[in-house]
Each structure stands twice: as C-alpha cells, then as structure tokens.
Amino acid sequence: AAAPTTDSAVAFATLDGFLSSGSLTATIAELETSLDGSDAEQIQGILQRSGLDEDLVDSALIVRERVGMIDTLIHAAVITQVLPLILEPGETLIKRPSLGAGNDPERNFDLETSHRVAEFKLASWKGRDGMRQRGLFADVVGLSLDTTGRRRQVFVVGELPARFLRTSRRNAAKTLSKAAIKLRTPDGLNASTTVSEFTAAAAIEIIDLRTLLPRLR
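From a predicted model like this one, the values you see are computed outputs, not experimental measurements. (Residues numbered from 1 in each chain as written. Predicted model: local features only at pLDDT ≥ 70, side-chain atom pairs only at ≥ 80, totals over all residues. Heavy atoms only, no water.)

**So, the packing of helix α2 (residues 24-35) against helix α3 (residues 40-50)**
We apply this condition: Axis lines are fitted through C-alpha atoms, for helices just across the contact stretch, and the angle between N-to-C directions can take any value from 0 to 180 degrees. Runs of H or I in DSSP of at least four residues are treated as helices and runs of E of at least two as strands, each being numbered from the N terminus. By the definition adopted for this analysis, an angle is roughly parallel if under 35 degrees, roughly antiparallel if over 145, roughly perpendicular if from 65 to 115, and oblique otherwise. Less than a right angle of anticlockwise turn of the near helix away from the far helix marks a crossing as left-handed, whereas a clockwise turn marks it as right-handed. Every residue pair with non-hydrogen atoms within 4.5 Å of one another is taken to be in contact. Basically, the charged four are Asp, Glu, Lys and Arg, the nonpolar ten are Ala, Val, Leu, Ile, Met, Phe, Trp, Tyr, Cys and Pro, and anything else, Gly included, counts as polar.
Their axes nearest at 10 Å, the elements α2 and α3 cross at an angle of 165°. Between α2 and α3, the angle is such that the two are roughly antiparallel. Regarding α2 and α3, the two cross each other, and that crossing is right-handed. For the pair formed by α2 and α3, the contact residues are L31, S34 and L35 on the first element and I43, I46 and S50 on the second. Of the residues belonging to the contact of α2 with α3, the class tally is 4 nonpolar, 2 polar and no charged.

**Points about a negative patch on the surface**
For clarity, the cut-off: Like-charged residues within 9 Å of one another, or nonpolar side chains (Val, Leu, Ile, Met, Phe, Trp, Tyr) within 5 Å, are grouped into patches, provided each residue has over 30% relative accessible area and no salt bridge. Accessible areas in this description were obtained via Shrake-Rupley with a 1.4 Å probe; residue shielding takes into account the shown protein chains only. One speaks of a salt bridge when a side-chain nitrogen belonging to Lys or Arg is within 4 Å of a carboxyl oxygen belonging to Asp or Glu. Charged-residue counts in this description rest on Lys and Arg as positive and Asp and Glu as negative, His and the chain ends being excluded. Positions of charges follow a simple convention, taking NZ of Lys, CZ of Arg, CG of Asp or CD of Glu.
The grouping of D7, D53, E54, D55 and D58 at the surface amounts to a negative patch. Examining the composition of the negative patch, we find that 3 residues originate from one element, helix α4 (residues 54-67), more than from any other. Inspection of the secondary structure puts D7 in helix α1 (residues 6-19).

**Description of the pattern of salt bridges**
The cut-off we apply is this: Per-residue accessibility, obtained with a 1.4 Å probe over protein chains only, is compared with the maximum for each type, and a residue is labelled buried under 20%, exposed over 50%, and partly exposed between these values.
Taken as a whole, this structure holds 12 salt bridges when the rule is applied. In this structure, E65 engages R66 in a salt bridge whose closest nitrogen and oxygen atoms are separated by 3.7 Å. Relative accessible area serves as the criterion here: at 42%, R66 is assigned to the partly exposed category. The closest approach of N and O atoms between D208 and R210, which form a salt bridge, is 2.8 Å. Taken together, the shared-partner salt bridges in this structure form one network comprising E88, E91, R116, R151 and E205.

**Concerning the sheet that holds strand β3 (residues 151-156)**
Rule in force here: For two strands to be treated as a pair, DSSP must find at least two bridges joining them.
Judged by pairing direction, the sheet is mixed, and its 4 strands sit side by side in the order β1-β2-β3-β4 without closing on themselves. Both edges of this open sheet fall to β1 (111-112) and β4 (204-208), since each of them pairs with a single strand only. Where β1 and strand β2 (residues 116-120) come together, 2 bridges link them in antiparallel fashion. Residue pairing in the sheet places L111 in a bridge with A118 of β2.

In structure tokens, the structure reads:
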C-alpha cells in the first residue's frame, strides 16, 4: 500500500500525541472548569495552555477525512477475506457482492451465490444495542424473504449479536417497526412472535466471524 502523505502522517502523529497525553474526557472536564467564570483575556491563556490550537484542529480534520470511509474498508476487507473460507466446491457468486457498508437498493444481500444468501454485520456490541438489534433483525427478515431454498446466513462478530438472535424474547413486529415497509410483514410473523422464534423458523444460520477470522474483536 502507498505510504500516507506527509501531511497525513504529521496529522496522525499530532492527533495521536495529544490523545495519548491523557484522558480526553478528563481534559475536557478540566477545561470546562477552567473556562467557567473566565473573561476573554483569561480564556486566551487557558487556550494556549490546553494545546487545543489550530494545528490540532487541522490535524483532526485531516484524520477525520482519511478515516471517514473506515466502515466501508472493514466491510469490504472482511467479506473478501471470508469468501475463500466459506465457498464450497462448485459454488460461485451469481451477483456482484455488496462490499461497501450500507444499503444498496439494487442488491438484496451482501452476498448472493449459487448456494447461499448472506448478510454481514460487523459492529462490536457493547450491551446496550437497541439500534443494532433492529438493524440485525431487519437483515434476518430480509434473508427470510429469499424463497430459492439456498442457505440463509448472517455473519456477526461476537457472542452478543448471536445470542440476541438465538434467545431474544423481544417482540419481532415491534423490533421491525422502523424497518423498510417490505420487511414488516414477512411470512411467519404474528403479533406474538419473538425475535428468536422468527430467526429459528426462518432457518437462519448465525455465524460468528471470529471462528473464521480469529483476530476480529
């Protein structure tokens, strides 16, 4: 891969140096306390001591621009690495894979082959994951709409998303309340169906990507 430009390398080093000097949360809290009750002249001195100068802001903007596509990079890299590990003899991709993070209305699934349809959800769950739960389950419902008899697979990272799909008693219809309209009334869904019941009935295979790529976390 090409080396980063000098500007990018300096920006990363500047930002890393500042962030490595201590907790950003503690630094901001201390700054807030210092600013309370200060006038313009005092604030100027506080600013100079804080290190929050124009160079730091410029560096942060450069870094943000460079890493703005990091989710897309991760999504593309993981799927590409996984493909040779999961494809069976004679199995071929029958549609261009959706490697970029996000939805592509022209492709129903991240991966569509002669043998399977699959979605990849690469977020690291933290324990309070309501929005991630809704997005993951919407993908499960989308997979259930494939009627070709191919394997239906969802690839996740870690035990939390896998456990959610296998054991959650959350109401499936309510979990889909913010999903696309076509996903809200799939076959097999009634007013009392739970997430785990629907996932099992739809024969969705849940695969922890760490079994294929152990360095994922």
